[in-house]
Amino acid sequence: KAGVTQTPRYLIKTRGQQVTLSCSPISGHRSVSWYQQTPGQGLQFLFEYFSETQRNKGNFPGRFSGRQFSNSRSEMNVSTLELGDSALYLCASRTGDSPLHFGNGTRLTVT
Amino acid sequence: GIQVEQSPPDLILQEGANSTLRCNFSDSVNNLQWFHQNPWGQLINLFYIPSGTKQNGRLSATTVATERYSLLYISSSQTTDSGVYFCAVAANAGKSTFGDGTTLTVKP
C-alpha cells in the first residue's frame, strides 16, 4: 500500500502570496489531518477532515484553510503569507481509531 | 486542552547504552503514539499504545493510562537511533497533541 503523499516537498514563496499544499492519504483512509512544525512552536494541529467535512480545528487564523475531496485527498491553503508561516507542514491520515500515518511533509519558506 | 510533557528534552548516549524517555499527559486519552522524526523531517510511527506494553526489537513502550504517563525504552542504542522522539496523545480521534520531543544523540 502506498503511504501518505504530500506535494510539493519544498516551496519558496514571498510575503503576501498564497500557497496550496496537497495530501493524498493511504488508500481507504478517510480522515486527513494537518500539522505545522516550527522550531519555536513545535508540532501544532491545524485541522482535520473526514468525509469532506472539517471535523476539528486548531487555533490558527482564518488565513489557514483546507478542504477534502470525495476521494479523500486534501488540500490546505494559506493566504497572505507571513514570514512566520515558514514551517514544515505535515499531513497524516488514519482510519477509525487507527494510528496516524504521516507523509514526508512540505517545507515552506516565506521570504 | 491536553498538556503533554516529555522528558528529558535532550539525551546524549554512547552506542550500546540503554535509555528511557517519558511522556506525561494531563487528561484521559484514548490514543497515544510514539514517533521518531528522522533528519529529513519524516515522522516514523514507532508505537500505537493507548495502554499496556508493546515491544518491537530493541524498542519497547509502556503506557499506564490511569496514571497518565507513557515510557519508551531503547536498548543497546545505535547511532541510527539519533533524532527526535515525539509522544502524541488524543482524547478524540481527530486531534492529536504533541509533546516538545526528546532529542537523542547516540555517539559511536
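It should be noted that the structure appears before, not after, this text.
For the structure given in this document, a descriptive report is provided here. Being a predicted model, the structure only gives us computed values, none of them experimental.

1. What about the overall build of chain A?
For chain A, the count of helices and strands is 0 helices and 11 strands. In terms of its C-alpha atoms, chain A occupies a principal-axis envelope of roughly 40 × 25 × 25 Å. A sequence separation of at least 24 residues applies to 52% of the contacts in chain A between residues at least 6 apart. Accessible area of chain A: about 5200 Å², with a carbon and sulfur share of 47%.

2. Some points on the environment of B:Pro108
Residues and elements named next belong to chain B. Relative to the assigned elements, Pro 108 resides in the segment after strand S11 (102-107). Accessibility expressed as a relative area gives 79% for Pro 108, which makes it exposed. Here the alpha-carbon distance between Pro 108 and Lys 54, two residues 54 residues apart in the chain, equals 28 Å. Contact partners of Pro 108, with chain neighbours within four places excluded, come to Gln 14, Glu 15 and Thr 79.

3. Quick look at the sheet that holds strand S8 (residues 74-78) of chain A
Residue and element names in this part refer to chain A. Across the sheet, which stays open at both edges, the 4 strands sit in the order S1-S3-S8-S7 with antiparallel pairing between neighbours. Here the strands that pair on one side only, and so sit at the sheet edges, are strand S1 (5-7) and strand S7 (64-68). The average undirected angle you get between the axes of adjacent strands in this sheet is 20 degrees. Relative to S8, S7 runs antiparallel, the two being bridged by 5 bridges. The residue of S8 that forms the bridge with Arg 67 is Glu 75.

4. Looking at the interface of chain A and chain B
Facing 21 residues of chain A, the contacting portion of chain B comprises 17 residues. Counting each side, the surface lost to burial between chain A and chain B is near 1600 Å², with a carbon and sulfur contribution of 50%. Joining chain A to chain B, the criterion identifies 0 salt bridges. Linking chain A with chain B are 4 residue pairs in polar contact (both at pLDDT 80 or more). When contributions to the side of chain A that touches chain B are tallied by element, the ones reaching two or more residues are strand S4 (31-38), strand S5 (42-50), strand S6 (53-57) and strand S9 (87-94) of chain A. Of the residues assigned to the side of chain A that touches chain B, the class counts are 8 nonpolar, 7 polar and 6 charged.

5. A few points about the state of the cysteines
Counting across every chain of the model gives 2 disulfides over all chains. A:Cys23 shares a disulfide with A:Cys91; S-S distance 1.7 Å. For the disulfide bridge between A:Cys23 and A:Cys91, the dihedral angle about the S-S bond is near -60 degrees, and by the sign convention the bridge is left-handed. Here A:Cys23, found in strand S3 (residues 19-24), pairs with A:Cys91, found in strand S9; they are 68 residues apart in sequence, far enough to count as distant. Two residues share a disulfide in this structure: B:Cys23 and B:Cys87, whose sulfurs sit 2.0 Å from each other.

6. Description of the sheet that holds strand S3 (residues 19-25) of chain B
Picture the strands of a sheet paired through backbone hydrogen bonds; they go either parallel or antiparallel. All names here are of chain B. An order of S1-S3-S8-S7-S6 is seen for the 5 strands of this open sheet, with the pairing classed as antiparallel. Strands at the two margins of the open sheet, each flanked by one partner only, are strand S1 (4-7) and strand S6 (52-56). Averaged over neighbouring strand pairs, the angle between their axes works out to 15 degrees when direction is ignored. Two elements, S3 and strand S8 (residues 69-74), share 6 bridges in a ladder whose sense is antiparallel. In the sheet register, Ser 19 faces S8, and the bridge partner there is Ile 74.

Cut-offs used in this document
- Residues numbered from 1 in each chain as written.
- Chains lettered and ligands numbered in written order.
- Predicted model: local features only at pLDDT ≥ 70, side-chain atom pairs only at ≥ 80, totals over all residues.
- Heavy atoms only, no water.
- Helix = DSSP H or I, 4+ residues; strand = E, 2+ residues; numbered from the N terminus.
- Contact = heavy atoms within 4.5 Å.
- Areas by Shrake-Rupley, 256 points an atom, 1.4 Å probe, with all protein chains shown as cover.
- Buried < 20%, exposed > 50% of the residue type's maximum accessible area, 1.4 Å probe, protein only.
- Pairing = 2+ DSSP bridges.
- Axes fitted to C-alpha atoms, helices over the stretch in contact; angles between N-to-C directions.
- Buried area = accessible area lost by both parts, 1.4 Å probe.
- Salt bridge = Lys/Arg side-chain N within 4 Å of Asp/Glu carboxyl O.
- Polar contact = N/O pair within 3.5 Å; in protein donor to acceptor, adjacent residues only side chain to side chain.
- Nonpolar A, V, L, I, M, F, W, Y, C, P; charged D, E, K, R; others polar.
- Disulfide = S-S within 2.5 Å.

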